[in-house]
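# Geometric and topological summary
Chain by chain, the residues run as shown.
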Amino acid sequence: MSGPVPVAGALADIYPTPALAHEAPRWNRLLATFDAVYGHRADFVSRSPGRVNIIGEHIDYSLYSVLPMAITFDALFAVRASPAPEGATSFTIRIANVQGDKFPAREFSVPLAGPIDIDAAKFEWTNYFKCGLRGALELLHKKRGPGCRPCNMDVVMDGNVPVGGGLSSSAAFVSATALAVMVANGEKTVDKTELTELAIVSERAVGVNAGGMDQSASVFSEPGSALFVSFSPRLEARPVQFPPTNPELCFVIAQSFVTSNKQVTAPIHYNLRVVEVTLAAAYLNAVLNPPGTELPADAGSLGTSLRGFHDTYFYHQNASDYGAVKSITQEEELQKLIELTRGALTQEEGYTREEIARVLNLSAADFEKRFLSSFPVRAERFKLRQRALHVFTEALRVLKFITLLERPLHTGRSDTTPFNEELGGLMNATQDSCRDLFECSCPELDQICRIARAAGAYGSRLTGAGWGGCSVHLVPANKVADVKAALEREYYASKDLTEEQRENAVVVSRPAGGSAIYLVD
Ligand code: NG1
Ligand code: MG
């Protein structure tokens, strides 16, 4: 699945492709806006989609595999590049948006020697462009050395992924930007893994210590497939098809319109969870592995992860006598870790800093430095038991979901309802775990899930970070209208929504393709 990002020969070629054909007016408007703003044609369009996560929530930063899929909403950038004049000490970016009233045009210069300033404290739409730009330039400098002279760029953006709604508008934005900058600066091919890795690191510059699911889904997805993304031992993605079912399955995405601005709430929500699962890994390592065992430095967002603990634990077991008796599957390993966690992390009420530092044999100062200094968090107690149990059970549900998809036992049956229900049941269990163990749901999301299930959804859950945002529902095709109507009646009707919000509240999404470049001829 790795390899270069596809470059479509000519923009005209995309219009007949079914997935994007209905988008032609939008693309035309983008290019017309570009002509009007800059007085010349664009060279190319860079595109990256948003995503919905089907299963595997809040486990990417613990380096467990997840199953998202790209959606048809995307970020588009029309671009023309020109070399910075001879002798110039900086280059210039001019950037406008099709929705100019909401997102005003900006112009900024960047010294050739850098740095690119990003004020993460300010909410400014071009910050995400700067993130992608910074990441891409770092990669170009690494490839080409100090003589690298970035181009001036004229850019117009059109994004239609709902912002702050759990569909990863940010990953679409950053991945499409980074790709645009690479191509504008003469890269003929851009490797998907390289692009994804740089988008992951770049997005952390806006202050959220995120995992890598969104960027992987945005870059790697293929039309018609979900994407199985693994992070350990290295980033890998492969498309996974849903088998034909009867009744046919649809993914319905429903907004809660509870806004959860991750950048603002990170210290008590997202970043705190990253710290809690990292602390759980360190704690379990201290009490379950041989004395003195160090967790491997890995790509978890705080440098060590529950997956790192998982691997070290079974490495030591195998080195003693466990492995000699029988080798066990990853599912069995996770079952074992769930049992061990229940026995080792018994405090339902959570753990104080002092309690954890004592077990880790760290001074208060070292504890702060190691776990609490890279991203600020606020908490008196850390709920290690609940967070670790969520991660291990959710990792197990992902494996079960994939096994079902890849070995469907219903082949040949005319009615696949039991299979459909099994998939849905796993999604429902994820929602319970997000609500009770990870505490990342909210009453509105819980209510939406109840309404959708009562109206015929097999499975309903929050998707993305949670605390608001979006939900995803596995629904038989013949019940989609009922689910929509029930949500309208029992949830949206009492909300004060704009016309546009009402229109986009519920969408049925098909799995769409990932990042690509389209040349304008
Ligand atoms: P959202 O909130 O949908 O962007 C976030 C993280 C993911 C993942 C999910 C929870 C970012 C950019 N992404 O997704 O990496 O951890 O939460 O599964 O913050
Ligand atoms: Mg995001």
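So, how was this worked out
Residues numbered from 1 in each chain as written. Chains lettered and ligands numbered in written order. Predicted model: local features only at pLDDT ≥ 70, side-chain atom pairs only at ≥ 80, totals over all residues. Heavy atoms only, no water. Axes fitted to C-alpha atoms, helices over the stretch in contact; angles between N-to-C directions. Helix = DSSP H or I, 4+ residues; strand = E, 2+ residues; numbered from the N terminus. Parallel < 35°, antiparallel > 145°, perpendicular 65-115°, else oblique. Left-handed = near helix turned anticlockwise from the far one by under 90°. Contact = heavy atoms within 4.5 Å. Nonpolar A, V, L, I, M, F, W, Y, C, P; charged D, E, K, R; others polar. Pairing = 2+ DSSP bridges. pLDDT = per-residue confidence, 0-100. Core = buried A, V, L, I, M, F, W, Y, C linked by side-chain atoms within 4.5 Å. Buried < 20%, exposed > 50% of the residue type's maximum accessible area, 1.4 Å probe, protein only. Near = heavy atom within 4 Å. Polar contact = N/O pair within 3.5 Å; in protein donor to acceptor, adjacent residues only side chain to side chain. Phe/Tyr/Trp six-rings, centres within 6.5 Å; stacked < 30°, edge-to-face > 60°.

Close contact between helix H11 (residues 330-344) and helix H14 (residues 384-406) brings their axes to 10 Å; oriented N to C, the two are set at 160 degrees. Judged on the interaxial angle alone, H14 and H11 are roughly antiparallel. Where H11 crosses over H14, the two elements pack in a sense that is left-handed. Contact with H11, carried on its side by Gln330, Glu331, Leu334, Gln335, Leu337, Ile338, Thr341 and Arg342, involves Arg385, Ala388, Leu389, Phe392, Thr393, Ala395, Leu396, Leu399, Lys400 and Thr403 of H14 and no other residues of that element. Looking at the contact of H11 with H14, its residues break down into nine nonpolar, five polar and four charged.

The sheet built from four strands is open, its strands ordered S12-S13-S9-S14 with antiparallel pairing. In this open sheet, the two edge strands, each paired with only one partner strand, are strand S12 (459-463) and strand S14 (506-509). When the angles between neighbouring strand axes are averaged without regard to direction, this sheet yields 25 degrees.

Per-residue confidence for the protein chain gives a mean pLDDT of 91; residues scoring 70 or more make up 94%. Low pLDDT, under 50, characterises residues 10-16; the stretch is placed with 16 contacts to residues that sit more than four places away or in other chains. Scored by ipTM, the complex comes to 0.96, with pTM at 0.92.

With that settled, consider the nonpolar core. If you look at the biggest cluster of nonpolar residues, it comprises 138 residues, and the most contacted ones within it are Phe129, Leu133 and Phe392. If you tally residues by element for this core, the top one is H14, at 13 residues. The contact partners of Phe392, leaving out residues within four places of it in the chain, are Tyr64, Leu284, Leu306, Phe309, Leu334, Leu337, Ile338 and Thr341. Counting residues in each nonpolar core, the second largest holds 18 residues, with Ile448, Ala457, Val475 and Ala505 among its members.

This part covers the pairing of strand S6 (residues 152-159). Looking down a regular strand, the side chains alternate between one sheet face and the other. With seven of eight residues buried, S6 is to be regarded as a mostly interior element. Bridging between strand S3 (residues 67-82) and S6 involves eight bridges; their strand directions are antiparallel. What sits directly across from Ala81, in S6, is Met153. Both strand S4 (residues 90-97) and S6 contribute to a ladder of five bridges, which runs parallel. Within S6, the position partnered with Ile95 by the bridge is Val155.

Below, the discussion takes up the site of ligand 1. As a structural note, the neighbourhood of ligand 1 is formed by 17 residues, with Glu57, His58, Asp60, Asp214 and Tyr270 the closest of them. In this structure, an oxygen atom belonging to ligand 1 sits 2.5 Å away from a side-chain N or O atom of Glu57. Note that an oxygen atom of ligand 1 is positioned 2.6 Å from one of the side-chain N or O atoms of Tyr270. The class makeup of the residues in the shell around ligand 1 is six nonpolar, five polar and six charged.

Here the focus is the packing of aromatic side chains. In the structure shown here, the tally under the stated rule is 17 aromatic pairs. Seen in terms of ring centroids, Trp27 and Tyr518 are 5.0 Å apart; in terms of plane orientation they differ by 90 degrees. Their pairing is edge-to-face. Here the residue Trp27 occupies a position in helix H2 (residues 24-38), and Tyr518 occupies one in strand S15 (residues 516-519), the gap between them amounting to 491 residues. Note on accessibility: Trp27 and Tyr518 belong to one class, buried. Between the aromatic rings of Phe77 and Phe173, the centroid separation amounts to 5.3 Å while the plane-to-plane angle is 50 degrees, which identifies the pairing as tilted. Of this pair, Phe77 sits in strand S3 while Phe173 sits in helix H4 (residues 169-184); the two residues are 96 residues apart in sequence, bridging distant segments of the chain. Classification of Phe77 as buried rests on a relative accessible area of 0%.

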